[in-house]
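# Structural overview
Listed below, chain by chain, are the residues.
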Amino acid sequence: MPAMKSFHIITFGCQMNEHDSERMTGILEAQGSTLVSDPGQAEMIILNTCSIREKAEQKFFSELGRLRQLKTENPNLKIAVAGCIAQQEGRKILSRAPYVDMIFGPSDIAKISDIVEAQRVRRNPVIDIEGDAEYHHKLVPTSRTDSLKAWVSIMYGCDNFCTYCIVPYLRGRERSRPPGDIVKEVHDLAEKGYKEVTLLGQNVNSYGKGLGTAVNFPELLNRVNDVVGIERIRFVTSHPKDLSDGLITALSDLLKVCESIHLPAQSGSDRILAAMNRRYTAAAYLDKVKKLREAVPGIALTTDIIVGFPGETEDDFSMTMKLLRDVSFDSIFAFKYSQRPNTVALELARQVPEDVKEARLAQALELQQDIALQKNKDLIGTVQEVLVEGPSKKGETLTGRTRGNKAVNFIGQASLRGSLAQVRIRSAAQNSLSGEICG
Ligand code: SAM
Ligand code: SF4
């Protein structure tokens, strides 16, 4: 008899959190519990939280507030808070929401069944944010939301300490999973019919550090590339300072590694990059982009930028705008700087006023709209390999993604799902393409 018959998960934040939720689901389902889509039908609701920016934190606390009503109607309902806010706030969550039953951090996921059982026995809130030094060696059952594309964690934590970022404080030091475990997971996925894997880590380029083997990230890509059945390999995220020539060669030589890279620039101003502790200059970033484009013609490039970092002047911001124009990214994620607890930047003087951040964000996004549309228009007339995912949201066409990770809509039989189609691009919008199957 499972400790909990049914559960519901609400996930906030990044792909890493989405994948952590797949793992919690996998563990609980292996114990006989059932994932339900209606929170009103669940015996336990898990909130898998994000605290990368203050807004994400506010979203979580308002959701938690809404759950108070459900708990009043059903006092047997258990509420669990997992993820980065659990790690950051720990017991303090109880002073805001005393109706929470379990609190555990991102490195404590493998213990979820024990935590649920301990709470059932004790009937008091259970808090476990100790972490698990062996988590990167654990093979955690995973219940995936997609049946073609899968996330595979290759490492946890981060050692970079960018001055704005809370991740190293909450997800701990960088720990790589053994290459054999990763390759086995990819083999298992191929056997189940998965076609695409995305290797996940905060800085995949430094994969292998501390493992005591000679396997670095390009070598890992080589090994994953050998897995029969997998057609496409992607990875996030690459720190520009660690983007090696070996990785550029792997991108150019390995057939399954898609011609696409997410390379967060954060800023175009050397002064701000130094204050962010990014450890590269704008010129060094542009140099890596040049090398990538020479070795992998047509590679899709995406990035993250932060506007309004403390001390960012109009001049600094104009350098970020220049970088956006110089590189011509396929798409960007742009964020207003958000003050995070414990980080170095929190204490920096000259915080930028909210209205200035707002205006800079709007300018960057407006510029990028034009660039992204032009990049997509440049593909009109080309033939793109598309992994067919199935009917589009409106259901009238099929949808899938190019190797550059762009969404494409086209007419075709639903039976094409899971196959690679050759699609000639006929029209382009800012966020998607349309075309027709050829050949
Ligand atoms: N490890 C990745 C890297 O180095 O780029 C991504 C980590 S983070 C989950 C994703 C993005 O959030 C970062 O690239 C950065 O642009 C943004 N970010 C992190 N901390 C932030 C903060 N305090 N305020 C605004 N944006 C932030
Ligand atoms: Fe945060 Fe920097 Fe680590 Fe990315 S590399 S997770 S931005 S500290």
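In what follows, the structure referred to is the one given above.
What counts, and where the lines are drawn
Residues numbered from 1 in each chain as written. Chains lettered and ligands numbered in written order. Predicted model: local features only at pLDDT ≥ 70, side-chain atom pairs only at ≥ 80, totals over all residues. Heavy atoms only, no water. Salt bridge = Lys/Arg side-chain N within 4 Å of Asp/Glu carboxyl O. Helix = DSSP H or I, 4+ residues; strand = E, 2+ residues; numbered from the N terminus. Buried < 20%, exposed > 50% of the residue type's maximum accessible area, 1.4 Å probe, protein only. Near = heavy atom within 4 Å. Nonpolar A, V, L, I, M, F, W, Y, C, P; charged D, E, K, R; others polar. Axes fitted to C-alpha atoms, helices over the stretch in contact; angles between N-to-C directions. Parallel < 35°, antiparallel > 145°, perpendicular 65-115°, else oblique. Left-handed = near helix turned anticlockwise from the far one by under 90°. Contact = heavy atoms within 4.5 Å.

### What about the pattern of salt bridges?
Summed over the entire model, instances satisfying the criterion amount to 33 salt bridges. Close ionic contact of Arg-66 with Glu-63 constitutes a salt bridge, the shortest N to O distance being 3.0 Å. Residue Arg-66 and its partner Glu-63 are located together in helix H2 (residues 54-73), separated by 3 residues, close to a single helical turn. Judged by relative accessible area, Arg-66 falls into the exposed class, the value being 52%. In this structure, the salt-bridge partner of Glu-185 is Arg-144, at a minimum N-O distance of 2.8 Å. Placement of Glu-185 in helix H7 (residues 179-191) and of Arg-144 in the loop between strand S6 (126-128) and strand S7 (149-153) is noted, with a sequence separation of 41 residues between them. By relative accessible area, which is 14% here, Glu-185 ends up buried.

### Side note on the site of ligand 2
Close to ligand 2 lie Cys-158, Asn-160, Phe-161, Cys-162, Tyr-164, Cys-165, Val-167, Pro-168, Gln-202, His-239 and Arg-278, which account for all nearby residues. Each residue belonging to the shell around ligand 2 can be placed in one class, and the counts come to 7 nonpolar, 3 polar and 1 charged.

### Some words on the packing of helix H8 (residues 217-225) against helix H9 (residues 245-253)
Two elements in contact, H8 and H9, have axes separated by 8 Å at closest approach and are oriented at 20 degrees. Relative to H9, the element H8 is oriented roughly parallel. Along this stretch, H8 crosses H9, giving a crossing that reads as left-handed. Seen from H8, the contacting residues are Phe-217, Pro-218 and Leu-221; seen from H9, they are Gly-246, Leu-247 and Ala-250. Across the contact of H8 with H9, the residue classes break down as 5 nonpolar, 1 polar and no charged.

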